[in-house]
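This is what each chain is made of:
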Amino acid sequence: MDFEALEEACKACTKCSLHQTRTNCVFGQGSRDAVLMFVGEAPGEKEDLSGIPFVGPAGQHLNKFLAAVGIDREQVYIANILKCRPPHNRDPLPAEQDCCIEYLRAQVKLIQPKIIACLGRIAAMRLITPDFKITRDHGVFHQRGNFLITAVYHPSALLRDPRKNEDMYRDMKAIRQKLDELEK
Ligand code: URA
């Protein structure tokens, strides 16, 4: 399936009940040639309304870190584990993740990023290991076939606890450094 067909299929998806309450399916945004892909949890209110990932307060906070380490948001690809917003932004249910994960896998196959950075514990637990502990394991890189995978704090967690901003800055700088090494 090509990118357009995948996006169409995702937008028409009724595999779980979240399609009943979504305004928009939030498929993903960014460059299809991205070397770096970010994967968040699920759309929030602003994302559901706009159809674009990370445009609300968490997204604006993420943008600050991207700018601080010199990563151009237009050069990366940003997606989520879930493409539809869970009511009241509750955590995605395992069954919802199971329904949705094939869209993300297909996105990864088409984009073929060299680095995947999970934003927060939900993505890290799904994509790295179920016993991932974000406070303990953030910033560690794992080789997975053709790509490296790591996790950083979710920007919403940083808004709740700004003491974590320093760790986020360090982890984002490390991602930037890996990108530089790959491009050498
Ligand atoms: N939080 C997420 O995990 N994803 C978004 O797209 C927005 C907020």
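These numbers were taken from a predicted model, which means no experiment stands behind them.

Caption draft 1: Representation of the state of the cysteines. This structure, assessed with the given rule, holds zero disulfides. Here C84 stays unpaired: no disulfide links it, and the sulfur of C25, its closest cysteine neighbor, is 5.1 Å away. With no disulfide of its own, C118 lies 15 Å from the sulfur of C100, the closest cysteine sulfur. We classify C118 as buried; its relative accessible area is 0%.

Caption draft 2: Focus on the site of the ligand. What surrounds the ligand is the set G40, E41, A42, E47, P53, F54, N80 and H154. Here an oxygen atom of the ligand sits 2.8 Å away from a polar atom, N or O, in the main chain of E41. Within the contact set of the ligand, an oxygen atom lies 2.8 Å away from a side-chain nitrogen or oxygen of H154. Surface burial for the ligand is 93%, taken as the share of its 240 Å² of free accessible area covered by protein chains. Of the residues assigned to the shell around the ligand, the class counts are three nonpolar, three polar and two charged.

About the criteria used
Residues numbered from 1 in each chain as written. Predicted model: local features only at pLDDT ≥ 70, side-chain atom pairs only at ≥ 80, totals over all residues. Heavy atoms only, no water. Disulfide = S-S within 2.5 Å. Buried < 20%, exposed > 50% of the residue type's maximum accessible area, 1.4 Å probe, protein only. Near = heavy atom within 4 Å. Polar contact = N/O pair within 3.5 Å; in protein donor to acceptor, adjacent residues only side chain to side chain. Areas by Shrake-Rupley, 256 points an atom, 1.4 Å probe, with all protein chains shown as cover. Nonpolar A, V, L, I, M, F, W, Y, C, P; charged D, E, K, R; others polar.

Bear in mind that shape data such as this cannot, by itself, settle questions of function.
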